[in-house]
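Structure at a glance
Each chain, letter by letter, is given below.
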Amino acid sequence: MKKIIFVLLASALIFSLLACSKPAVSPGDTSANSTPGNSDLPPTTVTLTFNGTQMTASDPNAGITVDGTAFVITRGGTYTLQGDLSNGQIRVSVGKEADVELIFNNFTASSITSAPIYIESANKAVIYLAAGTVNSLTDATQYQFPSPTVDKPNACIYSADDLTIKGSGTLNVNGSFNNGIGCKNDLRIKECTLNVSAPNNILKGNDSVEIESATVNLTGGEDAIKADTTDRVDKGYILIAGGSTVTLQCSDDALQATVAITVEGGSTVTGTCGGDPMNCPGTIYADENTVQISPSAQ
């Protein structure tokens, strides 16, 4: 099969890249059982059910604290989120050695002051979309930051550490302020159906963005998918693989990376952009007919 290969870096590199009101807590909930980042307790498994600004926890010792309109997870483990959280935030603040999995089970959340999902600190964070569920997140049009020197979070879903979104459910992310999904490290999207809109970057993983066996629809932003770190030669890449289907519409670059862009055969990237379909000073590798991006109407 004829391939389109632009090599500006050594080919070995690409193979290495592949390998409001204060929320009320119902009786039985926890509001001050542990401090942020507490990793002395074993991981927990708990269901959090939301009704407006009310939250009920299945485990009274789950380690959920309240900070303004945010429910703060301070202990590693698995948390099932269900119901509707209005004008609130789920914030993960655990030790750097702790992992957190958030299971979305027909979960809806919005905030009029910030991001509804903020991974402030963790080793790894996973958002798992339960089978057959439709989940929706909407952030504020203007964020309120705790101080003039703080500018994070800046996306409807924001993670300061590695973030994986996976599962067989659907997630709708309605970004209104800046980015749709933003991750300081590696952003991975696997198997799920993901619909994201945002005014700036729609998907951004500073170190990398990997999409595997997923259906992804991106609209409204400047750059659709971006990985822009310059700190490491093995990062700053975008990988689309596993028969993924990516449909996008953006006003600037469709795919932008600093080191490499790879679109494997069986996957497709289609849509329109106002800039370059693939913008990368490093390696661009796309099997024939995998990327079909047309210029936007000017």
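See the structure above.
What this report covers is the structure whose coordinates are included nearby. Predicted, not measured: the structure shown is a model, and the values here were computed from it. (Residues numbered from 1 in each chain as written. Predicted model: local features only at pLDDT ≥ 70, side-chain atom pairs only at ≥ 80, totals over all residues. Heavy atoms only, no water.)

So, about the overall build of the chain. Scanning the chain from terminus to terminus reveals 1 helix and 30 strands. Sorting the 298 residues of the chain into buried and exposed places 52% on the buried side. (Helix = DSSP H or I, 4+ residues; strand = E, 2+ residues; numbered from the N terminus. Buried < 20%, exposed > 50% of the residue type's maximum accessible area, 1.4 Å probe, protein only.)

A few words now on the pattern of salt bridges. Counted by the stated rule, this structure contains 9 salt bridges. A salt bridge links R188 to D186; its shortest N-O distance comes to 3.8 Å. With a relative accessible area of 27%, R188 lands in the partly exposed category. Accessibility expressed as a relative area gives 6% for D186, which makes it buried. Two residues, K235 and D186, come together in a salt bridge whose shortest N-O distance is 3.0 Å. Taken together, the residues span a long stretch of sequence, with K235 in the loop between β22 (225-227) and β23 (237-241) and D186 in strand β17 (residues 186-190) at a distance of 49 residues. Grouping residues by exposure puts K235 and D186 together as buried. Residues joined in a network through salt bridges with shared partners are D186, R188, E210 and K235. (Salt bridge = Lys/Arg side-chain N within 4 Å of Asp/Glu carboxyl O.)

Here L255 shows up in strand β25 (residues 255-257). When the C-alpha atoms of L255 and A224 are compared, they prove to be 6.3 Å apart, with 31 residues separating the residues in sequence. In this view, L255 contacts I225, I238, I240, I261, V263, D276, P277, M278 and N279; residues no more than four positions away in its chain are not counted. (Contact = heavy atoms within 4.5 Å.)

Glancing now at the layout of surface pockets. Considering only enclosed or pocket space, the largest pocket measures out at about 260 Å³ in volume. Looking at the largest pocket, it is lined by 16 residues, and the ones nearest its centre are Q89, R91, S114, Q144 and P146. (1 Å grid on protein atoms, 1.4 Å probe; cavity = no way out; pocket = protein on both sides within 12 Å on 5 of 7 lines; lining within 4 Å. Points joined across faces, edges and corners; volume = space filled by probe spheres on them.)

Looking now at the nonpolar core. In this structure, L203 and I225 are the most contacted members of the largest nonpolar core, which totals 67 residues. Broken down by element, this core gets its largest block of residues, 5 residues, from strand β9 (residues 99-110). Contacts of I225, omitting those with residues within four sequence positions, involve L203, V209, I211, L218, I238, I240, V246, A254, L255 and Q256. Counting 5 residues, the second-largest nonpolar core is a separate cluster that includes Y237, L239, V259 and A260. (Core = buried A, V, L, I, M, F, W, Y, C linked by side-chain atoms within 4.5 Å.)

To continue, consider the side chain of R91. One can find R91 in strand β8 (residues 89-93). You can call R91 buried: its relative accessible area is 16%. A polar side-chain atom of R91 sits 3.1 Å from a polar atom in the side chain of Q89. If near-sequence neighbours (up to four positions away) are discounted, R91 is found in contact with D67, A70, F71, V72, I73, Y118 and E120. (Polar contact = N/O pair within 3.5 Å; in protein donor to acceptor, adjacent residues only side chain to side chain.)

In this section: the packing of aromatic side chains. In total, this model carries 7 aromatic pairs according to the counting rule given. Between Y143 and F145, the aromatic rings sit 6.0 Å apart at their centres with planes inclined by 55°, giving tilted as the arrangement. An aromatic cluster is defined as three or more aromatic residues linked by ring pairs; in this entry it consists of F50, F71, F104 and F107. (Phe/Tyr/Trp six-rings, centres within 6.5 Å; stacked < 30°, edge-to-face > 60°.)

Here 4 bridges tie strand β5 (residues 64-67) to strand β6 (residues 70-73), and the two strands are oriented antiparallel to one another. Bridged to I64 within β6 is I73. Hairpin remark: β5 followed by β6, antiparallel, with 2 residues in the connecting loop; positive phi at G68, about 65°. (Pairing = 2+ DSSP bridges.)

Turning to the pairing of strand β16 (residues 179-183), a few remarks are in order. In regular strands, side chains alternate between the two faces of the sheet. In terms of burial, β16 is largely enclosed, as 5 of its 5 residues are buried. In this sheet, β16 lies alongside strand β13 (residues 155-159) in parallel orientation, the contact comprising 4 bridges. For Y158, the partnering residue across the bridge sits in β16 and is G182. Direction of pairing for β16 relative to strand β19 (residues 203-205): parallel, over a ladder of 3 bridges. Within β19, the residue paired with I181 across the bridge is L203.

This part is about the sheet that holds strand β28 (residues 278-279). Taken in spatial order, the 10 strands of this open sheet run β5-β6-β8-β10-β13-β16-β19-β22-β25-β28, and their pairing is mixed. Each end of this open sheet is capped by a strand with a single partner; those strands are β5 and β28. Direction of pairing for β8 relative to strand β10 (residues 117-121): parallel, over a ladder of 4 bridges. Following the sheet pairing, S93 is matched in β10 by S121.

This next bit is on unusual backbone geometry. For the peptide bond that leads from K152 to P153, omega is 0°, which places it in the cis range. Here P153 shows up in the loop between β12 (134-138) and β13. One non-glycine residue, N106, lies in positive phi territory at about 55°. Within the element layout of this structure, N106 appears in strand β9. For N106, a relative accessible area of 43% corresponds to the partly exposed category.

These values are about where atoms sit, not about what they do.
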